[in-house]
Amino acid sequence: MRRIPSLNWLRVFEAAAQHESFARAAEQLHMSAAAVSQQVKALEGYLEQPLFVRGAHDVQLTDAGRAFLPTVRQAIGSIELRAATLFGNGSRSPITIRATLILACSWLAARVQEFSERHPQFSVRLLSDASAPATVGDDVELSVVFGDTEPGFVERDRLFGERLYPVGCAGLVENVSSPRDLLNHTLLEIADHRSGWGRLFDAYAIDAREARLMITDRTDVALALAAQGAGIALARAPATDEIVRRYHLRRCMEDVSVGGTESYYLTHRSWDDLSPGARELRDFLIHHAREVGRVEG
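Residues numbered from 1 in each chain as written. Predicted model: local features only at pLDDT ≥ 70, side-chain atom pairs only at ≥ 80, totals over all residues. Heavy atoms only, no water.

A.B. asks: Explain empty space enclosed by the protein here, please?
C.D. replies: Space left empty within the atom packing is revealed by a probe, the size of a water molecule, rolled over the atoms. Going through the model one piece at a time under the given rule, you end up with one cavity of 30 Å³ or more. Within this model, the largest cavity holds a volume of roughly 30 Å³. In terms of lining residues, the largest cavity is bounded by Leu188, Glu189, Ile190, Ala222, Ala233, Leu234 and Arg236. In the lining of the largest cavity, the residues fall into five nonpolar, no polar and two charged. (1 Å grid on protein atoms, 1.4 Å probe; cavity = no way out; pocket = protein on both sides within 12 Å on 5 of 7 lines; lining within 4 Å. Points joined across faces, edges and corners; volume = space filled by probe spheres on them. Nonpolar A, V, L, I, M, F, W, Y, C, P; charged D, E, K, R; others polar.)

In C-alpha cells:
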C-alpha cells in the first residue's frame, strides 16, 4: 500500500473524531472548519472508505472510522512520547545520564525518581550502557561507570564500592552455615568480573579449586538463576539490593562478605560544559552516595 501523502490528515482525523465536530477540531488545530473538512475528505479518498457520517452540526464515525481510530491515536501518542523523551518538553531541557545496566535498574533508578520529584523543572533521561552508545551522541552529560573512566569525560567522582555476599533461594541457603558449605553447591560466577568467588574464598582461606562453578556473563542473570534454584550467586551491594529483594533471595550467612576491588564513579566533562540541571543531579547523586558508603566497611 502506498504511503499516506500527508500525516497531518491523521492528526486532523483524530481531532475530528475526538470532538465529533469539524468546527471544534478546527479550533483545536488553529485551522478553518473548511480546511478540516477538506483534509478528512482527502484521507477518505486515499483510503477509499468514508470515515464520518456528516450531520448538520456534528459528525459521527463510521464503522471503518471507529476501527481506524485506535491505530491513529496509538501512532500519534507514540511519536509524542518519543519526542518528549528525546528532546524534552518545552522549557524542561532533558538531562541525560548513562549508567551500567545493573546500577541503572536499582540504586540509580530510585535516586533519579527522587530527584525528579524534588526538581520537577528538570527532565531526566536514564539510559543503560547497553543501549546508550547506539541511541545518543554527545548529549550524555553524566555517566556512571564501574572501574574504567568514560572516554572523553574528564571529571571523576567516586560514588561507592561494592560488598559481595552469597545469596540463594530459601531451599539452598538453609544448608549453608559456614563458608566451606558453599562448596557443596553450584556457584554462579560472572565470567569477566574481577571480583568473584575467588576473592571471597581468599578472605576465608578456602581452596577455590574445589568449587563447582556455573559461568554466566551478567550479575543480573546470575541472580535470576539463583532465584530458580540453579545455585548460589554473589550479591553486590548496593547495586544489586533491589534485585535481591525482587527475587526474594536470602543471604546465606549474615556475617560472611568481602569488599570488591573496584568502585562506581560518576564521570562527566568539565563543570563549565554541564547544564544547570546536570550540575544539580551530580551534586544530588554524590550526596546520596555517601549514605551507602557503609557497605564497604
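A.B. asks: Before we go on, may I ask you to explain the packing of helix α1 (residues 8-19) against helix α2 (residues 22-29) in this structure?
C.D. replies: Helix packing for two helices is described by the angle between their axes and how far apart those axes are. Where α1 meets α2, the closest approach of the two axes is 8 Å, and the angle between their N-to-C directions is 125 degrees. Put simply, α1 runs oblique to α2. Taken as a pair, α1 and α2 cross one another with a handedness that is right-handed. Note on element contacts: α2 touches α1 through Phe22, Arg24, Ala25, Gln28 and Leu29, opposite Arg11, Val12, Ala15, Ala16, Gln18 and His19. The residue makeup of the contact of α1 with α2, split by class, is six nonpolar, three polar and two charged. (Axes fitted to C-alpha atoms, helices over the stretch in contact; angles between N-to-C directions. Helix = DSSP H or I, 4+ residues; strand = E, 2+ residues; numbered from the N terminus. Parallel < 35°, antiparallel > 145°, perpendicular 65-115°, else oblique. Left-handed = near helix turned anticlockwise from the far one by under 90°. Contact = heavy atoms within 4.5 Å.)

A.B. asks: Whenever I open this one, the nonpolar core confuses me. Can you help?
C.D. replies: General note: in soluble globular proteins, nonpolar side chains tend to be found buried as a group. In terms of nonpolar packing, the biggest core is built from 40 residues, with Ile97, Leu108 and Val144 touching the most fellow members. No other element matches helix α12 (residues 276-289), which puts six residues into this core. Leu10, Ala16, Phe22 and Tyr46 belong to the second largest nonpolar core, which has 21 residues in total. (Core = buried A, V, L, I, M, F, W, Y, C linked by side-chain atoms within 4.5 Å. Buried < 20%, exposed > 50% of the residue type's maximum accessible area, 1.4 Å probe, protein only.)

A.B. asks: Which parts of the structure should I look at to understand the packing of aromatic side chains?
C.D. replies: In the structure shown here, the tally under the stated rule is nine aromatic pairs. Taken together through their ring pairs, the aromatic side chains of Phe13, Phe22, Phe52 and Phe68 make up a single cluster. It is arginine 156 that lies over the ring of tyrosine 265; its NZ or CZ is 3.5 Å from the centre. Taking NZ or CZ as reference, arginine 251 lies 4.2 Å from the ring centre of tyrosine 165, over its face. (Phe/Tyr/Trp six-rings, centres within 6.5 Å; stacked < 30°, edge-to-face > 60°. Lys NZ or Arg CZ within 6 Å of the ring centre and 35° of its normal.)

A.B. asks: What am I meant to see in the layout of surface pockets here?
C.D. replies: In this structure, the largest pocket encloses a volume near 680 Å³. Every residue lining the largest pocket is counted, 26 residues in all, and those nearest its centre are Thr100, Asp129, Phe146, Asp192 and His193. For the lining of the largest pocket, the elements supplying multiple residues, two or more each, are β3 (94-99), α5 (101-104), β5 (140-146) and α10 (219-227). Counting residues per element, the lining of the largest pocket draws most heavily on β5, which supplies four residues. Size it by volume and the second largest pocket reaches roughly 200 Å³. In this structure, the second largest pocket is lined by Leu7, Leu10, Arg11, Phe68, Thr71, Val72, Ala75, Ile76, Ile79 and Glu80.

A.B. asks: Help me out: how do you make sense of the sheet that holds strand β13 (residues 264-268) in this one?
C.D. replies: Strands belonging to one sheet form pairs held by backbone hydrogen bonds; the direction of such a pair is parallel or antiparallel. Across the sheet, which stays open at both edges, the five strands sit in the order β4-β3-β5-β13-β6 with mixed pairing between neighbours. Each end of this open sheet is capped by a strand with a single partner; those strands are β4 (123-128) and β6 (155-160). Here the average twist between neighbouring strands, direction ignored, is 20 degrees. Pairing analysis gives six bridges linking β3 to β4, with the strands arranged parallel. Its bridge partner being in β4, isoleucine 97 is matched across the sheet by leucine 126. The strands that helix α6 (residues 107-118) touches are β3, β4, β5 and β6; relative to β4, the one it contacts most, it runs at about 170 degrees. (Pairing = 2+ DSSP bridges.)

A.B. asks: Could you clarify how one ought to interpret the environment of tryptophan 197 in this entry?
C.D. replies: Considering the arrangement of structural elements, one finds tryptophan 197 in helix α9 (residues 197-203). Given the relative accessible area of 1%, tryptophan 197 is considered buried. Each C-alpha atom, one on tryptophan 197 and one on valine 258, is 9.9 Å from the other, the two residues being 61 residues apart in sequence.

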